[in-house]
Amino acid sequence: MFSKKGSSPRMSGNPIGSEPNLHPVRSQVHVDDMGIQSILSNQDITVNIDHVIDNDEAMIIAMGYKPEFKREFSLLTVFAVSFSVLGLLPSIAACFEYQQAAIGISPVPWLVAVIFVTSVALSLAEVASAFPVSSGTPYAVSMLSPPKYQALLTWLTCWSNWLCQITAAPACNYSGASMILALYSYTNSDYSPSTGEVYALTLGICVVHSFISSLPTKWLAQFNALGTTCNILFLAVVFIMILAGNKRTEMYDNTIPKFNSNSTAWALTNLTDFPTGISFLISFLGVIWSMSGYDSPFHLAEECSNAAVAAPRAIVLTSSVGGLIGFIFMIAIAYTCVDIEEVMADPEGLGQPFVTYLSQFLKREMVLAAVALTIVSSFFMGCSCMLAASRVTFAYSRDGMFPGSKWWKKVNPITQTPINAVWINWLLGQLLLLIMFGGDTAIGAIFSVGGIAGFVSFTMPTLLKITYARHTFKPGPWNLGRWSTPIGIVSVAFVTLMIPILCFPTDTGSDLTPSSMNWTVVVYFGPMLLSLVYYFAAARKWYVGPKSNLDENDIVYGNEAPQSELSSSENDLKGNIVKVDEQSI
């Protein structure tokens with residue numbers, strides 16, 4: 001639009017704007033002066049722009065992409081999305097049987113797991129600051145990988161992260177639908193929901209979320225701010241209800257104290273067939289899934305102002321604040337739960353351990369209120385998950401990763417959001433939810449998949465950063481400094497340990513049946529294997545990782561820009577963005 005490859009407006013001898021479809025150059029981005037690693041780096045590239053730009057727009061252009069979204073998310077609102085995706089209250093409720101069913105009510109597993117999860121989040125935040133693009137970790141992997149394996153490692157990271165994203169909303173909405181029907185069962189002992197009813201209700205919730213996620217960015221920011229407010233408020237209210245509404249002594253005729261003793265609350269109770277140490281690690285699934293979502297700011301970086309700082313800060317805030325609040329909530333559960341084995345046995349057939357747990361010590365009205373607030377929080381959480389997933393699908397389609405990418409990367413001109421990406425995610429989510437017809441253990445695999453898939457994609461750039469790229473990685477404005485490598489080592493070691501652990505069932509030997517098997521191996525590694533086969537069969541011929549979508553006519557190679565006639569812009573980023581005065585040329 002501004003200059004042909006290998007030429008510049010000055011060299012062509014024509015005034016800017018005198019040729020058809022040419023517009024005045026008002027700004028320039030000199031990629032190699034930005035101090036970043038990108039797909040345009042080390043090629044002596046200058047990008048011409050027909051309007052004055054700010055630092056955020058310069059950064060995304062230097063990364064190789066056109067700015068396609070309005071930057072209407074701030075640190076607060078992007079944290080709101082991330083914390084809403086975290087959805088501590090509904091996540092704790094949904095994962096009750098994955099943590100407490102393995103090692104009992106003790107809050108110790110949560111505390112230990114959160115320390116390591118936070119190390120993963122810190123490493124991810126440093127990467128997000130260096131590569132603030134919505135494609136997230138795959139872009140970072142493409143920049144940090146050995147050239148020979150760059151495309152393959154980026155491809156696998158893409159697919160793993162995508163699996164994490166597209167399973168999040170269905171898993172959350174399945175849990176929310178199950179709680180709604182469990183609440184009805186609690187009020188009507190004659191009712192027991194069928195699998196078809198759970199599926200239909202989950203589908204309906206997903207449809208509503210898809211419509212909401214198709215709205216303009218400004219509305220989404222406001223909606224997610226509301227969601228986060230509700231999540232925090234409802235979490236606090238339910239926490240108070242659990243402690244203040246505790247009627248254990250009255251409900252059990254004064255045979256038990258109001259709260260458990262310290263020895264009972266903090267004791268580890270092995271409820272699996274594995275040794276206690278393995279059960280302790282298996283219980284981390286509940287923590288990992290409950291704490292997932294802190295990567296969302298990475299995928300919203302192109303819609304966030306001051307993304308290189310705001311996105312990593314939001315990641316760290318989500319992980320640290322969420323981990324602390326979750327730990328306090330775990331303490332409340334530990335001191336109020338009457339009998340964890342009875343909760344897992346589900347004598348009333350509610351199908352939701354969290355509802356059974358509450359019914360052990362709260363009056364009926366209190367149970368209804370607490371579960372209702374959890375359901376509302378679950379709704380907001382599922383919507384945020386759908387939003388984050390749609391941005392990931394859009395970003396990967398922009399790089400041509402999927403069949404039909406040209407459709408999924410389209411941005412609706414009215415809403416300026418990737419509506420097609422939203423609805424293809426909805427369709428795939430409904431197909432994934434068909435797993436529930438295989439039983440409760442089968443549908444539980446999508447929770448494990450979210451943990452493994454997220455961990456692999458989050459940690460791959462960290463692994464490369466502390467190994468192959470340890471001398472070439474260029475940190476962003478938010479970084480860990482001298483702690484980068486130690487924290488990175490801890491993160492990689494933890495993830496390496498947890499990947500096989502998350503595939504363990506809770507039964508062993510003759511007790512292990514197809515219905516009690518952990519189907520994560522199939523649900524995660526099956527698609528990953530297919531993606532690998534697809535890569536070697538076809539994609540390796542055309543997939544090269546992230547691809548720039550800038551107009552080639554806007555790119556100048558070499559020292560061809562008329563530097564002597566340029567004046568500095570007020571929006572100058574370390575001298576890298578240069579504004580051109582149209583009248584001076």
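Located above this text is the structure these notes cover.
Residues numbered from 1 in each chain as written. Predicted model: local features only at pLDDT ≥ 70, side-chain atom pairs only at ≥ 80, totals over all residues. Heavy atoms only, no water.

Undergrad: What should I look at first to understand the side chain of Ser457 in this one?
TA: Position of Ser457 among the secondary structure elements: in helix H23 (residues 445-465). The class for Ser457 is buried, based on a relative accessible area of 0%. A polar contact is formed between the side chain of Ser457 and the side chain of Asn161, at a distance of 3.1 Å. Polar side-chain contacts of Ser457 include one of 3.0 Å to the backbone oxygen of Gly454. For Ser457, the contacting residues outside a window of four places in its chain are Thr137, Thr157, Ser160 and Asn161. (Helix = DSSP H or I, 4+ residues; strand = E, 2+ residues; numbered from the N terminus. Buried < 20%, exposed > 50% of the residue type's maximum accessible area, 1.4 Å probe, protein only. Polar contact = N/O pair within 3.5 Å; in protein donor to acceptor, adjacent residues only side chain to side chain. Contact = heavy atoms within 4.5 Å.)

Undergrad: Please clarify how the pairing of strand S1 (residues 27-30) should be interpreted in this entry.
TA: Alternating positions in S1 separate into two faces, Ser27 and Val29 on one and Gln28 and His30 on the other, with burial throughout. Note: S1 against strand S2 (residues 45-49), four bridges, orientation antiparallel. Looking at S2, one finds that His30 is bridged to Thr46. (Pairing = 2+ DSSP bridges.)

Undergrad: Before we go on, may I ask you to explain the environment of Ile331 in this structure?
TA: Turning to its location among the elements, Ile331 is positioned in helix H16 (residues 307-336). The class of Ile331 is partly exposed, set by a relative accessible area of 25%. Residues Ile331 and Ala265 lie 66 residues apart in sequence; the distance between their C-alpha atoms is 7.8 Å. The contact partners of Ile331, leaving out residues within four places of it in the chain, are Pro107 and Trp266.

Undergrad: It is not clear to me how a negative patch on the surface should be interpreted in this structure. Could you clarify?
TA: A cluster of acidic residues, Asp339, Glu341, Glu342 and Glu348, forms a negative patch on the protein surface. Residue position: Glu348 is located in the loop between helix H17 (340-345) and helix H18 (353-359). Residue classification places Glu348 among the exposed residues on the basis of a relative accessible area of 53%. (Patch = residues over 30% accessible without salt bridge, like charges linked within 9 Å, V, L, I, M, F, W, Y side chains within 5 Å. Areas by Shrake-Rupley, 256 points an atom, 1.4 Å probe, with all protein chains shown as cover. Salt bridge = Lys/Arg side-chain N within 4 Å of Asp/Glu carboxyl O. Lys, Arg positive; Asp, Glu negative; His and termini not counted. Charge placed at Lys NZ, Arg CZ, Asp CG, Glu CD.)

Undergrad: How do you make sense of unusual backbone geometry when you look at a structure like this?
TA: Keep in mind that most residues, glycine aside, have a negative phi and that most peptide bonds are trans. In this structure, Asn254 takes a positive phi of about 60° despite not being glycine. With respect to the helices, strands and loops of the structure, Asn254 is situated in the loop between helix H11 (248-251) and helix H12 (262-265). The class of Asn254 is exposed, set by a relative accessible area of 62%. Within the chain, Gln416 stands out as a residue other than glycine whose phi angle is a positive 55°. Position of Gln416 among the secondary structure elements: in the loop between helix H20 (405-408) and helix H21 (419-433). A relative accessible area of 30% places Gln416 in the partly exposed class.

Undergrad: Can you walk me through the packing of helix H3 (residues 75-86) against H16 in this structure?
TA: A packed helix pair is summarised by two numbers, namely the angle formed by the two axes and the spacing between the axes. Here H3 crosses H16 at 40°, and the two axes come no closer than 9 Å. Judged on the interaxial angle alone, H16 and H3 are oblique. Here the hand of the crossing between H3 and H16 comes out right-handed. Only Ala310, Arg313, Ala314, Leu317, Thr318, Val321, Gly322 and Ile325 of H16 make contact with H3, whose side of the interface consists of Leu75, Val78, Phe79, Ser82, Phe83 and Leu86. Residues of the contact of H3 with H16, tallied by class, amount to 10 nonpolar, three polar and one charged. (Axes fitted to C-alpha atoms, helices over the stretch in contact; angles between N-to-C directions. Parallel < 35°, antiparallel > 145°, perpendicular 65-115°, else oblique. Left-handed = near helix turned anticlockwise from the far one by under 90°. Nonpolar A, V, L, I, M, F, W, Y, C, P; charged D, E, K, R; others polar.)

Undergrad: Just checking my understanding: could you explain the packing of aromatic side chains for this structure?
TA: Geometrically, a pair of aromatic rings is defined through the distance of the ring centres and the angle of the planes. This structure, assessed with the given rule, holds 30 aromatic pairs. Between Tyr199 and Phe437, the aromatic rings sit 5.7 Å apart at their centres with planes inclined by 50°, giving tilted as the arrangement. Highlighted residues: Tyr199 in helix H9 (residues 195-213) and Phe437 in the loop between H21 and helix H22 (440-443), separated in sequence by 238 residues. Looking at Tyr199, the relative accessible area reads 15%, which means it is buried. (Phe/Tyr/Trp six-rings, centres within 6.5 Å; stacked < 30°, edge-to-face > 60°.)

Undergrad: Mind showing me how you'd approach the nonpolar core here?
TA: What tends to happen in soluble globular proteins is that the nonpolar side chains get buried as a cluster. Counting 174 residues, the largest nonpolar core has Phe131, Tyr357 and Leu358 as the members making the most contacts within it. A per-element tally of this core places helix H8 (residues 150-187) first, with 19 residues. Excluding residues that lie within four positions of it along the chain, Leu358 makes contacts with Ile242, Val367, Ala370 and Val371. (Core = buried A, V, L, I, M, F, W, Y, C linked by side-chain atoms within 4.5 Å.)

Undergrad: Help me out: how do you make sense of a positive patch on the surface in this one?
TA: The grouping of Lys406, Lys409, Lys410 and Lys547 at the surface amounts to a positive patch. Along the polypeptide, Lys547 turns up in the loop between helix H25 (520-537) and strand S3 (555-557). For Lys547, a relative accessible area of 37% gives the class partly exposed.

Undergrad: Got a minute to help me understand a nonpolar patch on the surface in this structure?
TA: The grouping of Leu111, Ile115, Phe116 and Val490 at the surface amounts to a nonpolar patch, some 320 Å² of accessible area in total. Note on placement: Ile115 falls in helix H6 (residues 108-130).

Undergrad: Would you take a moment to explain the packing of H9 against helix H19 (residues 364-398) for this structure?
TA: Here H9 crosses H19 at 55°, and the two axes come no closer than 9 Å. Looking at the two axes, H9 sits oblique to H19. As for how H9 packs across H19, the hand of that crossing is right-handed. Residues Ile205, Cys206, Val208, His209, Ser210, Ile212 and Ser213 of H9 form the contact with H19, whose own contacting residues are Phe379, Gly382, Cys383, Met386, Leu387 and Arg391. In the contact of H9 with H19, the residues fall into eight nonpolar, four polar and one charged.

Undergrad: Whenever I open this one, the side chain of Ser319 confuses me. Can you help?
TA: When you line up the elements, Ser319 lands in helix H16. Using a relative accessible area of 1% as the deciding quantity, one classes Ser319 as buried. Not counting chain neighbours up to four residues away, the residues in contact with Ser319 comprise Val117, Thr118, Ala121, Met291 and Tyr294.

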